[in-house]
Amino acid sequence: MQDILFDFIAKYISLTEEEKNVLLSLDLFRSVKKGTILLKEGQKSRDEYFVLKGCLRKYYIIDGEEKTTAFFTEMDALTPHCVKENTPSEYFISCVENTILIVTNPDMGVEVNAKFPKFDLMCRMLAEDLLARQQINFDEFKTSSPEQRYLNLLQNRPDLIQRVPQHQLSSYLGIKPQSLSRLRARILEKSKG
C-alpha cells in the first residue's frame, strides 16, 4: 500500500527517503470493512480520509430516505466539513466496499507541513484539483438530464456502475431505482438500434 501512496505523491512532489520514513512512522493506514460507517450525522470528527483502495459514500438522510451526494474511490481525498468547522457532521460517510484508507487529522498535517514545506505545496495542488473537479461535476449535474448524468457517469466513472448498489447509484443520480432501470433499458435499446 505504501508504494501506491508514494507513486501518487510522486505525481506532485519528489520525496527523500527521510520524508518517506516520516510518513510511514505516522501509522496512517487503516483497513475498513464494507458497510462500516466512518462518520454519522451529528457526530464530531477530526478524521480526514484518502482512499488507497475501495469506495466511500457520502450521504444524507432526509425524511427517512438516504440521499447519496458523492462517491470517493482510489486516490480520492475527503475532508468532512465538520473537521474544518469543528461542528457536528450533517451527513454520513460509509464504506461501499472493503476499503484501505489513509486517515489523518489537521494537527498531523500541520506537523508534517512544518517539517517538510513541500507537503504544503502538494496539499494545495491537490485541493485546487479537487475544487476544480467538484465544480465541474456540480455544474454538469445541475445542467443535465438524468439520462445525461448516467451517460456522464458511464464515460467518466464507469467503475461505479459495477461497484455501487443500484439504489445508491440512483440516489446519486437524483432518480428512483425504477427510473434507473428504465433509463438503462432505454440506453441499451438505443445502442442496439
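Report follows, based on the coordinates. Predicted model only: the values in this text are computed from it and were never measured.

Take Ser94: it is sitting in strand 7 (residues 92–95). What makes Ser94 buried here is its relative accessible area of 8%. Contacts of Ser94, omitting those with residues within four sequence positions, involve Thr36, Ile37, Leu38, Cys55, Leu56, Arg57 and Tyr59.

Right, let's get into unusual backbone geometry. Of note, Met75 is a non-glycine position whose phi angle comes to about 70°, a positive value. By secondary structure assignment, the location of Met75 is in the loop between strand 5 (65–72) and strand 6 (77–78). Here Asn86, not a glycine, exhibits a phi torsion of approximately 55°, which is positive. With respect to the element layout, Asn86 can be found in the loop between helix 3 (81–85) and strand 7.

Right, let's talk about the sheet that holds strand 8 (residues 99–104) for a bit. Taken together, the 4 strands give an open sheet; going across it, the order is 1-8-3-6, and neighbouring strands pair in antiparallel fashion. Each edge of the sheet is formed by a strand with only one pairing partner; in this case those strands are strand 1 (29–32) and strand 6. Running over the sheet, helix 1 (residues 2–10) touches strand 1, strand 3 (48–53) and strand 8 and is turned about 110° from strand 3.

What follows is about the packing of helix 1 against helix 2 (residues 17–25). Between helix 1 and helix 2, the shortest axis-to-axis distance is 12 Å and the interhelical angle comes to 130°. Judged on the interaxial angle alone, helix 2 and helix 1 are oblique. Crossing angle aside, the handedness with which helix 1 passes helix 2 is right-handed. Between helix 1 and helix 2, the contacting residues are Gln2, Phe6 and Ile9 on the first element and Lys20, Leu23 and Leu24 on the second. Looking at side-chain class alone, the contact of helix 1 with helix 2 contains 4 nonpolar, 1 polar and 1 charged residues.

On the basis of which strands lie adjacent, the open sheet formed by 4 strands has the order 2-7-4-5 and antiparallel pairing. At either end of the open sheet lies a strand with only one pairing partner, and these are strand 2 (37–39) and strand 5. Across this sheet, the average inter-strand angle for adjacent strands is 35°, counted without regard to direction. Contacting strand 4 (56–62) and strand 5, helix 8 (residues 166–173) crosses the sheet at an angle of about 85° to strand 5.

Rules and cut-offs
- Residues numbered from 1 in each chain as written.
- Predicted model: local features only at pLDDT ≥ 70, side-chain atom pairs only at ≥ 80, totals over all residues.
- Heavy atoms only, no water.
- Helix = DSSP H or I, 4+ residues; strand = E, 2+ residues; numbered from the N terminus.
- Buried < 20%, exposed > 50% of the residue type's maximum accessible area, 1.4 Å probe, protein only.
- Contact = heavy atoms within 4.5 Å.
- Pairing = 2+ DSSP bridges.
- Axes fitted to C-alpha atoms, helices over the stretch in contact; angles between N-to-C directions.
- Parallel < 35°, antiparallel > 145°, perpendicular 65-115°, else oblique.
- Left-handed = near helix turned anticlockwise from the far one by under 90°.
- Nonpolar A, V, L, I, M, F, W, Y, C, P; charged D, E, K, R; others polar.

All quantities given are derived from atomic positions and should not be read as evidence of function.
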